[in-house]
Number of protein chains: 2
Amino acid sequence: MKTLDLTTPALLIDHRALQHNLETMAAALPGRRLRPHVKAHKCVPLARLQAAQGHHGFTCATIREMEGLAAAGLGDDLLLANEVVDASRLGRLDARVTVAVDSEATIEAAVRGGVREVLIDVNVGLPRCGCAPADAGRLADVARSKGLGVRGVMGYEGHVVGLDDRALRVAKTAEAMDLLCAAHRDVGGELVSAGGTGTYDVNTWASEIQAGSYALMDTAYARLGLPFRQALSVLATVISVSSGFAVADCGLKALGMDHGNPTIPGSKVWFCSDEHVTFGVGDDASLVVEDAAPDAPRRGSALRVGDRIRVLPAHVDPTMAYHERVVVVAGTEVVETWPIELRGW
Amino acid sequence: MKTLDLTTPALLIDHRALQHNLETMAAALPGRRLRPHVKAHKCVPLARLQAAQGHHGFTCATIREMEGLAAAGLGDDLLLANEVVDASRLGRLDARVTVAVDSEATIEAAVRGGVREVLIDVNVGLPRCGCAPADAGRLADVARSKGLGVRGVMGYEGHVVGLDDRALRVAKTAEAMDLLCAAHRDVGGELVSAGGTGTYDVNTWASEIQAGSYALMDTAYARLGLPFRQALSVLATVISVSSGFAVADCGLKALGMDHGNPTIPGSKVWFCSDEHVTFGVGDDASLVVEDAAPDAPRRGSALRVGDRIRVLPAHVDPTMAYHERVVVVAGTEVVETWPIELRGW
C-alpha cells in the first residue's frame, strides 16, 4: 500500500526518523535513565518500541494512559506524573503504579484509591503542580505515616525545556534542579524524576528523564538544534489552487494549535481553518509535492488540485490526540497502521 | 446522576442554554432559511434537535460528517461545503448529496464519484476555497455539460463573521454578498448559501445561512453580543492549589486552542499545558466553585483540591472534536450523554 491510497488528512510517522530518534535517545539515556512520556504519542505500539530499546518504566499524564499501558503488559513501572483526586482506577491496575502527590489531599486520594507508591511532586519554577520545595519532606513524612512507599521526588522544569539558548537552558536547569535536589535530601528515596526532550542532555541531576517529544518531534522543538528528526507529519491533499495561494485539507482539527501554525516546507502557511490550511504558492515557493497526481513530483508554483503535500505540526502531543490512528511510512510506502488508543480520559 | 459523579475533564452542554439557542435561531431563520453546520458539534443527537426545530438540510465540512448524518436518517439534503478530490464515498450515500466545487478538477471528482448535484463555491473575500466570482458562470456551464445539477452558489464570508463592530460586519457582508449575488446571476439555481453565526441576522442576501456555533457558542463569539448563550463548558477538578494560583485537570487536549486560552469566570487563566490549566486565585478571585468537596459552594480565595469548576472554551468546534462524548446537564443534574461520533475523517 502507498501513501497515495490513504484518505487525507492522514497522520504519518516516518519510520527511519522514528528509529533514529529512539536509538539516539537510548544511546544517550539507556534503560532506566529514560522514563519515556507516553502523553506525547498515546500509542501502545510506539511504547513497545521504547520498551524494546530498554526503557521499561513509563511516564503518563492521564489515568487512561496508565490503564492502556497496564492492559498492554507494559506495566513494569508506571508513573502518573500528575495529581489526581480519585485514584480508584489506578488502585485496580495490574501494574506497578506510582502517582505524583503535592498535598495532603492528593496523598489521601492515593491511600483511598489503593495506590501504594508515590513521588513527591515539587514546584521547581513552573507555576503548575508541585509543593513548595521546603514542604516536600513534611509531605513525605505524611505519606509514609499513611503507609505509602515514597520513591523520591519529581519536578518538571517545564519553563526551561523550550528555551532556544542552550547556555540559558543549562543555567536555568541547574537552578531548578538545585531546588529539586534539596527537596530530595529531605524526602529520600531512589528517584529524582525530571526533565524533558529540551533538557535530556542538560539535566544531569535527575536519576531519570521524562522525555516524550523526542520520538516524533515537532517544529517547536526543532528550533533547539537537538539530534532528533521530525518524524511526524500530516499528509494533506490540495483541494483548491488560486492566484498566489492554495488550500489543502489539513485543518486545525488535525493539528495541535497551541504552539501556532504548522509548517509547510518551501511555503508559508497563511492560516488554518477547521478543515483547511491556506498557504502561499508564489513563484518563490519551493514546495515539494509528493504523490503528484497524475504526473511526477512538481514544485510549488505548478501546484495542482489533487497533489499531496506534507504539513509539519507545531506541537506533537495535541496533534496525536486528534487522530484515531497514525500510519508508519517509509517514503511513500505504508509500513504499518497504529491505533492511537490512549486518547481521552 | 450528578455532575459530581463524572470523570473530569468532562465536556458539558447546558440543556437550557442549548434549547434557548436552538429556539432563538429557529425563530430568526425558520426551516430552510438555516442549514445548520454540523462541523461545530459533530454530534448526531444535536443534529436531531436541529431537525426537530424544522431545519432539514445540513452543512458538513467532512465526508465523515456526511456519512454519519446519512446513516442516522438525516440525509434529506446534505451539503458538503468543502472541496474534495475523491467523492466516491459521497456517491455511495443513501441521501441527497450536494458538494461544493470551485475548479474543473473538483467538478470531475464529483462526476467520477457519482455525486449528482453541486454548488459553485465562490471566493467572496476569504483567501480559502472558492473560484473567482467572474469564473462561476463558466464553471456552472462545465458542471452542467457533464450532467451535474447545479443548485446555485456558496460563498462564506469567514473574514467577516468574527468582526466585533456590527456596523462593520454589515458593510463587509454587503460587499461579500454583492460578489456572491453577481456570481449567482451567472450561475442560476435556487440556492445562495452563505453566512455563519456572526452574520446570521446581517446576511439578508443568502437564501440559507450555514451557522453552526450558535447552538453551543464560545467565548470568541460571545464578544459579538449575539442573543445566543454559552452552552458548552468543560467541568474540571482542582488538583493543586498554591499561593496565588491553582491548577485544574482541563488542559489543551480538552480544548480548541487556536482562538487562545479558555476562560474561567471570576479568575484569570495563566496558561494551559497538555492536561492542566493554571489560573489565578487571589483575594480578588470571584470564582464560583460547583460540586465543592466536601462543603457547600465556596469562592475563589478559599479554593480546595477536589473542588470542581467550569472552564469555557474559546472555540467550540475543535473542542468538540477532542472529546468522545458530551454530557447534557441541567444545573448539576446529568440529563443525557451524547457520543461525538462524527469526529475524524
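Use the structure listed above.
In short, a report on the structure. (Residues numbered from 1 in each chain as written. Chains lettered and ligands numbered in written order. Predicted model: local features only at pLDDT ≥ 70, side-chain atom pairs only at ≥ 80, totals over all residues. Heavy atoms only, no water.)

1. Concerning the environment of glycine 260 of chain A
Here comes step 1: Relative to the helices and strands, glycine 260 of chain A resides in the loop between strand S10 (245–248) and strand S11 (269–272).
Here comes step 2: For the pair glycine 260 of chain A and alanine 314 of chain A, spaced 54 residues apart in the sequence, the C-alpha separation amounts to 6.4 Å. (Helix = DSSP H or I, 4+ residues; strand = E, 2+ residues; numbered from the N terminus.)

2. Things to note about the sheet that holds strand S2 (residues 57–60) of chain A
Residue and element names in this part refer to chain A.
Here comes step 1: Spatially, seven strands are ordered S2-S3-S4-S5-S6-S7-S8 in an open sheet, and the strand pairing comes out parallel. Two strands in the sheet have a free side with no partner beyond their single neighbour: S2 and strand S8 (208–209).
Here comes step 2: Against the sheet, helix H3 (residues 63–71) engages S2, strand S3 (77–80) and strand S4 (97–101), with an angle of about 170 degrees to S3. (Pairing = 2+ DSSP bridges. Contact = heavy atoms within 4.5 Å. Axes fitted to C-alpha atoms, helices over the stretch in contact; angles between N-to-C directions.)

3. Here's the deal with the relation of the copies chain A and chain B
Here comes step 1: Placing chain A over chain B gives an RMSD of 0.0 Å and needs a rotation angle of 180 degrees, together with 0.0 Å of translation along the axis. Both copies of the chain, as the preceding transformation shows, are related through a two-fold rotation axis.
Here comes step 2: Taken as a fraction of all interface residues of chain A, those also at the interface in chain B reach 100%, which identifies the copy contact as same-surface. (Least-squares fit on C-alpha atoms with pLDDT ≥ 70 in both.)

4. Some remarks on the side chain of arginine 128 of chain A
Here comes step 1: Within the secondary structure, arginine 128 of chain A sits in the loop between strand S5 (117–121) and helix H6 (136–145).
Here comes step 2: One buried charged side chain, arginine 128 of chain A, makes no salt bridge at all; its nearest oppositely charged neighbour is aspartate 274 of chain B, positioned 7.0 Å away.
Here comes step 3: A distance of 2.9 Å separates the side chain of arginine 128 of chain A from the side chain of serine 273 of chain B, its partner in a polar contact.
Here comes step 4: With near-sequence residues (within four places) excluded, arginine 128 of chain A lies in contact with Asn123 and Tyr156 of chain A together with Ser240, Ser242, Phe245, Val247, Phe271, Ser273, His276 and Thr278 of chain B. (Buried < 20%, exposed > 50% of the residue type's maximum accessible area, 1.4 Å probe, protein only. Lys, Arg positive; Asp, Glu negative; His and termini not counted. Salt bridge = Lys/Arg side-chain N within 4 Å of Asp/Glu carboxyl O. Polar contact = N/O pair within 3.5 Å; in protein donor to acceptor, adjacent residues only side chain to side chain.)

5. Some remarks on the packing of H6 of chain A against helix H7 (residues 166–187) of chain A
Residues and elements named next belong to chain A.
Here comes step 1: Where H6 meets H7, the closest approach of the two axes is 8 Å, and the angle between their N-to-C directions is 35 degrees. Both H6 and H7 take part in a crossing whose hand is right-handed. Only Ala183, Asp186 and Val187 of H7 make contact with H6, whose side of the interface consists of Ala136, Gly137, Ala140 and Arg144.
Here comes step 2: Taken together, the residues of the contact of H6 with H7 sort by class into four nonpolar, one polar and two charged. (Left-handed = near helix turned anticlockwise from the far one by under 90°. Nonpolar A, V, L, I, M, F, W, Y, C, P; charged D, E, K, R; others polar.)

6. Description of the pattern of salt bridges
All names here are of chain A.
Here comes step 1: Overall, the coordinates contain 39 salt bridges over all chains when judged by the stated rule.
Here comes step 2: In this structure, aspartate 77 and arginine 32 form a salt bridge, with 3.3 Å as the shortest nitrogen-oxygen distance. Of the two residues, aspartate 77 is situated in strand S3 and arginine 32 in the loop between helix H1 (15–28) and helix H2 (44–52); the sequence distance between them amounts to 45 residues.
Here comes step 3: When its relative accessible area of 48% is taken as the criterion, arginine 32 is described as partly exposed.
Here comes step 4: Where aspartate 317 meets lysine 39, a salt bridge forms, and the shortest distance between an N and an O atom there is 3.1 Å. In this pair, aspartate 317 is assigned in helix H9 (residues 316–320) and lysine 39 in the loop between H1 and H2, connecting sequence segments 278 residues apart.
Here comes step 5: In the salt-bridge network here, residues are joined through shared partners; they are Arg32, Arg35, Asp77, Arg151, Glu190 and Glu208.

7. Notes on unusual backbone geometry
Here comes step 1: Looking along the chain, the bond that leaves threonine 8 of chain A and enters proline 9 of chain A is cis, with omega of 0 degrees.
Here comes step 2: When you line up the elements, proline 9 of chain A lands in the segment before strand S1 (10–14).
Here comes step 3: At lysine 42 of chain B, a residue that is not glycine, the phi angle is positive and equals roughly 55 degrees.
Here comes step 4: Note that lysine 42 of chain B resides in the loop between helix H1 (15–28) and helix H2 (44–52).
Here comes step 5: Within the chain, methionine 217 of chain B stands out as a residue other than glycine whose phi angle is a positive 65 degrees.
Here comes step 6: Assignment of secondary structure puts methionine 217 of chain B in the loop between strand S8 (208–209) and helix H8 (219–222).

8. So, the packing of aromatic side chains
Here comes step 1: A complete count under the given rule lists seven aromatic pairs over all chains for this structure.
Here comes step 2: With a centroid separation of 5.3 Å and an interplanar angle of 40 degrees, the aromatic rings of phenylalanine 245 of chain B and tryptophan 270 of chain B are classed as tilted. Linking phenylalanine 245 of chain B in strand S10 (residues 245–248) with tryptophan 270 of chain B in strand S11 (residues 269–272), this pair joins segments that are 25 residues apart in sequence.
Here comes step 3: With relative accessibility at 9%, the residue phenylalanine 245 of chain B sits in the buried group.
Here comes step 4: Members of the aromatic cluster, connected to one another through ring pairs, are Tyr200, Tyr214 and Phe228 of chain A. (Phe/Tyr/Trp six-rings, centres within 6.5 Å; stacked < 30°, edge-to-face > 60°.)

Coordinates in, geometry out; function isn't part of it.
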